[in-house]
There are 2 protein chains.
Amino acid sequence: MTAAAPLSPTARSTIRRGARRARTDRAELHAVLDAGLVGHLAVVLDGAPVVLPTGYGRRGETLYLHGSTGAATLRAAAGAPICFTVTHLDGVVYARSAFHHSMNYRCAVVHGTARPVTDAAERELALEALTEQLAPGSWTATRRPDRKELAATAVLALDLTEASLKVRTGPPGDDEDDLALPVWAGVLPLRTVVGEPEPCPLLPPDTEVPARVAGRRLSAGR
Amino acid sequence: MTAAAPLSPTARSTIRRGARRARTDRAELHAVLDAGLVGHLAVVLDGAPVVLPTGYGRRGETLYLHGSTGAATLRAAAGAPICFTVTHLDGVVYARSAFHHSMNYRCAVVHGTARPVTDAAERELALEALTEQLAPGSWTATRRPDRKELAATAVLALDLTEASLKVRTGPPGDDEDDLALPVWAGVLPLRTVVGEPEPCPLLPPDTEVPARVAGRRLSAGR
């Protein structure tokens, strides 16, 4: 598929609840994915669902996931149907009724079969994508994985073909009848910010914090 | 079970990867859950996992989830095995090697069978817990759910018996051999903060922002 193709929902990626919040712009999907640090990976293990936070990286229309070759969820995911969800919370929506309280958010949900990545070149590309998603600039600045580390790392690929994007923005959707209630309503915005870098105690004193860390701002993706 | 009982892992709630990061203090589990706004609910739908962000509230050793009676995931969850995960990201861990990059985080994972809540009194308690988790003070300050809204809302209960908690803190765990590399290492802390309240455009002008909104600070849970 090309990057320009809009999101064309299948049965399970069709947003039914709050359908007016569904987005079909693939660039918007990419922006939401690219702005995240971890997603939540769901697999079926012995008939029951398991969901764990997981790092990821994107290259084109492929999401890469990785983890220890010993991790049960990663092993269960390989070649199996998985779901991977990235959620950004943008605000708490205060309404005049308890019922209409809500969140403003951006949420990308990807369904598909996880493909184990075994080709050395694609594995390297995937690990670069994963490292750069977590810590931009680190792939170039730090020691690359050695043979032993590579052997201990499982890499999975997930195609973005079957994906949906749901976004809520704006004020509460109160009932007409409630608008006269003497109750404050509106949005309390939420934002993830970075604090002061905390150097590793084993660094030589006065080691300068590089720009890739000190100057980092989290992308809002909006 | 009593609140004092430690987390006693079953096969699937035993943390195998990074076992030194497992915590067994039930009060710590509660603190991580209580500090969140949404979790990620995983269900099995037509044999494949689906994971979606979901609000929740806790009362004692029970987590309450809710959603539209029309939502396919909520319907699939009722009476079925589910997994519910709450994750807080506390920092990006920069290492001297790509391999040892990591995140500092707190992550609670609950496994169990979702019990549909049908008793009117427990449903009210659950909706209060859910509303107060999202917007402390709102249950008292706003209009309570009416009969129609209650009929449209599915409420599920999840027992906290089978839960695990994993926490990573501190600097990177670089290899001894890498410590001399001229690469900055450390932690870039992450924090979720609230911005200025954005009043609903339909509010009468000069409506004061109540303390439950203006004074809100997100609990760090640490």
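Above this text you will find the structure in question.
Residues numbered from 1 in each chain as written. Chains lettered and ligands numbered in written order. Predicted model: local features only at pLDDT ≥ 70, side-chain atom pairs only at ≥ 80, totals over all residues. Heavy atoms only, no water.

## Points about the relation of the copies chain A and chain B
The condition is simple: The copies are overlaid by a least-squares fit using only the C-alpha atoms of residues whose pLDDT is at least 70 in both copies.
With an axial shift of 0.0 Å and an RMSD of 0.0 Å, the rotation relating chain A to chain B amounts to 180°. Overall, the copies show the geometry of a two-fold rotation axis. The rotation axis passes nearest to the C-alpha of A:Thr192 in chain A, at a distance of 2.1 Å.

## A short note on the interface of chain A and chain B
To be explicit about the condition: The contact definition used throughout considers only heavy atoms, calling two residues in contact when any of these lie within 4.5 Å. Note on terms: buried area is the combined drop in 1.4 Å-probe accessible area of two parts once they are placed together, counting the loss on both. The rule for a salt bridge is simple: a side-chain nitrogen of Lys or Arg has to be within 4 Å of a carboxyl oxygen of Asp or Glu. Residues adjacent in sequence count toward polar contacts only when both atoms are side-chain atoms; beyond that, a polar contact is any pair of N or O atoms within 3.5 Å, and within protein one must be able to donate a hydrogen and the other to accept it. Under the grouping applied here, Gly and all other residues not named as nonpolar or charged are polar, the nonpolar ones being Ala, Val, Leu, Ile, Met, Phe, Trp, Tyr, Cys and Pro and the charged ones Asp, Glu, Lys and Arg.
Every contact between the two is made by 84 residues of chain A and, on the other side, 84 residues of chain B. Taking both partners together, chain A and chain B bury about 6,800 Å²; carbon and sulfur atoms supply 70% of that area. Looking only at chain A, the three residues that lose the most surface to chain B are A:Pro49, A:Arg143 and A:Trp184, adding up to 11% of its buried area. Counting every contact that joins chain A to chain B gives 4 salt bridges. Residue B:Asp175 is joined to A:Arg143 by a salt bridge in which the shortest nitrogen-to-oxygen separation is 3.6 Å. Here chain A is connected to chain B by 25 residue pairs in polar contact (both at pLDDT 80 or more). Here the side of chain A that touches chain B is composed, by residue class, of 53 nonpolar, 18 polar and 13 charged.

## A look at the pairing of strand 3 (residues 48–59) of chain A
Residue and element names in this part refer to chain A. Selection criterion: We treat two strands as partners when DSSP finds at least two bridges between them. Helix and strand definitions follow DSSP, with helices as H or I runs of at least four residues and strands as E runs of at least two, each counted in order from the N terminus.
Taken together, the 8 bridges between strand 2 (residues 38–45) and strand 3 define a ladder with antiparallel strand orientation. Bridging across to strand 3, glycine 39 finds its partner in threonine 54. Taking the residues that link successive antiparallel strands as the turn, the strand 2-strand 3 hairpin has 2 residues, and the phi of aspartate 46 there is positive, at about 50°. With 4 bridges connecting them, strand 3 and strand 4 (residues 62–68) associate as antiparallel partners. Across the sheet, residue arginine 59 finds its bridge partner in strand 4, namely threonine 62. Count of turn residues in the strand 3/strand 4 antiparallel hairpin: 2 residues, of which glycine 60 carries a positive phi of about 65°.

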